[in-house]
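# A closer look at the structure
The chain contents come next:
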Amino acid sequence: MRSMKFTLALSFVLATLVSTGCSRGPELGTVHGKVIQNGVAIPFAYVQFTPVDPPGTYGAAYADENGNYSLRFSQTRNGAPVGRHDVLVRTAKRDEIQVEDKNTGLMVTPKLPEGYKANVQVQFEQVVKSGDNQIDLELAAGTALVAEDDNRLRRR
C-alpha cells in the first residue's frame, strides 16, 4: 500500500514536470498595426514591444512600405507576451531601406514621406491583451515631438 502511494505521488510529480517542461513559453497576444505620423504612414520603422509586467522576451518587427507591422516573438510564434510593455519605434536609416523594384528587379530606396527623419526614436507604453491586438502607433499623436541631442524624441 505504501509503495502504491509512493508510485502515485512520483507519477504526479513527473507528470507535472513534463507538462511544465513542454511549455511553449508565455501566453502571447498577436500584435499588428500601423506606424503613422500626422496621418501619413511611416515606412520601414522598427517596432519593439518589451514586457514590463511581467518582464520577459520582447516581440519586434519592421513595418513594411505602407507602415504596417506585425510582431514576431520567435521563429515559430507571432505576437508579444500578454501584459504591460515599453514600446520603442525607430525610424529606419536610409541605408536600411531597400526594396525590390518590381520592374527592374534591382534593390532601390523608395520615396519617403516629406520631412522623413532617419534614426529617430519614440517610446510609448501599451498593454497587450490575450487574442488579437491592433495597436496603431501615432508618432505625433497631438503632441509636439522635440529632438534631443542623442537623436531620441520625447513627447511634450
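Please read these numbers as outputs of a predicted model, since none were measured by experiment.

## Quick notes on the overall build of the protein chain
What the protein chain contains, in helices and strands, is one helix and 14 strands. Scored against the burial criterion, the 156 residues of the protein chain give a buried share of 32%. Within the protein chain, contacts between residues separated by at least 24 positions form 64% of all contacts whose residues are at least 6 apart in sequence. Accessible surface computed for the protein chain: about 10200 Å², of which carbon and sulfur atoms make up 53%.

## What to know about the packing of aromatic side chains
With the rule as written, the count across this model stands at one aromatic pair. A ring pair is formed by Tyr46 and Tyr62, whose centres lie 5.2 Å apart and whose planes are at 55°; its orientation type is tilted. Here Tyr62 lies in strand E4 (residues 59-62) and Tyr46 lies in strand E3 (residues 46-53), a separation of 16 residues in the sequence.

## Digging into the nonpolar core
Core analysis: the largest hydrophobic core is formed by 24 residues, its most contacted members being Phe49, Tyr69 and Val89. Of all the secondary-structure elements, those providing two or more residues to this core are strand E1 (28-37), E3, strand E7 (83-90) and strand E10 (121-128). The leading source of residues in this core is E10, at three residues. In this view, Val89 contacts Val35, Ala45, Tyr46, Val47, Val120, Gln121, Val122, Phe124, Leu137 and Leu139; residues no more than four positions away in its chain are not counted.

## What about the environment of Asp86?
Along the chain, the position of Asp86 falls in strand E7. Judged by its relative accessible area of 39%, Asp86 is partly exposed. With 40 residues separating them along the chain, Asp86 and Gln126 place their C-alpha atoms 6.6 Å apart. If we ignore the near neighbours within four places in the chain, the residues touching Asp86 are Gln48, Phe49, Thr50, Val52, Phe124 and Glu125.

## A short note on the sheet that holds E10
Pairing is antiparallel across the open sheet formed by four strands, whose spatial order is E4-E3-E7-E10. Both edges of this open sheet fall to E4 and E10, since each of them pairs with a single strand only. Within the sheet, the average angular offset between the axes of one strand and its neighbour, ignoring direction, is 20°. Judged from the four bridges that link them, E3 and E4 form a sheet pairing that is antiparallel. Within the sheet, the bridge partner assigned to Tyr46 lies in E4 and is Tyr62.

The rules behind the values
- Residues numbered from 1 in each chain as written.
- Predicted model: local features only at pLDDT ≥ 70, side-chain atom pairs only at ≥ 80, totals over all residues.
- Heavy atoms only, no water.
- Helix = DSSP H or I, 4+ residues; strand = E, 2+ residues; numbered from the N terminus.
- Buried < 20%, exposed > 50% of the residue type's maximum accessible area, 1.4 Å probe, protein only.
- Contact = heavy atoms within 4.5 Å.
- Areas by Shrake-Rupley, 256 points an atom, 1.4 Å probe, with all protein chains shown as cover.
- Phe/Tyr/Trp six-rings, centres within 6.5 Å; stacked < 30°, edge-to-face > 60°.
- Core = buried A, V, L, I, M, F, W, Y, C linked by side-chain atoms within 4.5 Å.
- Pairing = 2+ DSSP bridges.
- Axes fitted to C-alpha atoms, helices over the stretch in contact; angles between N-to-C directions.

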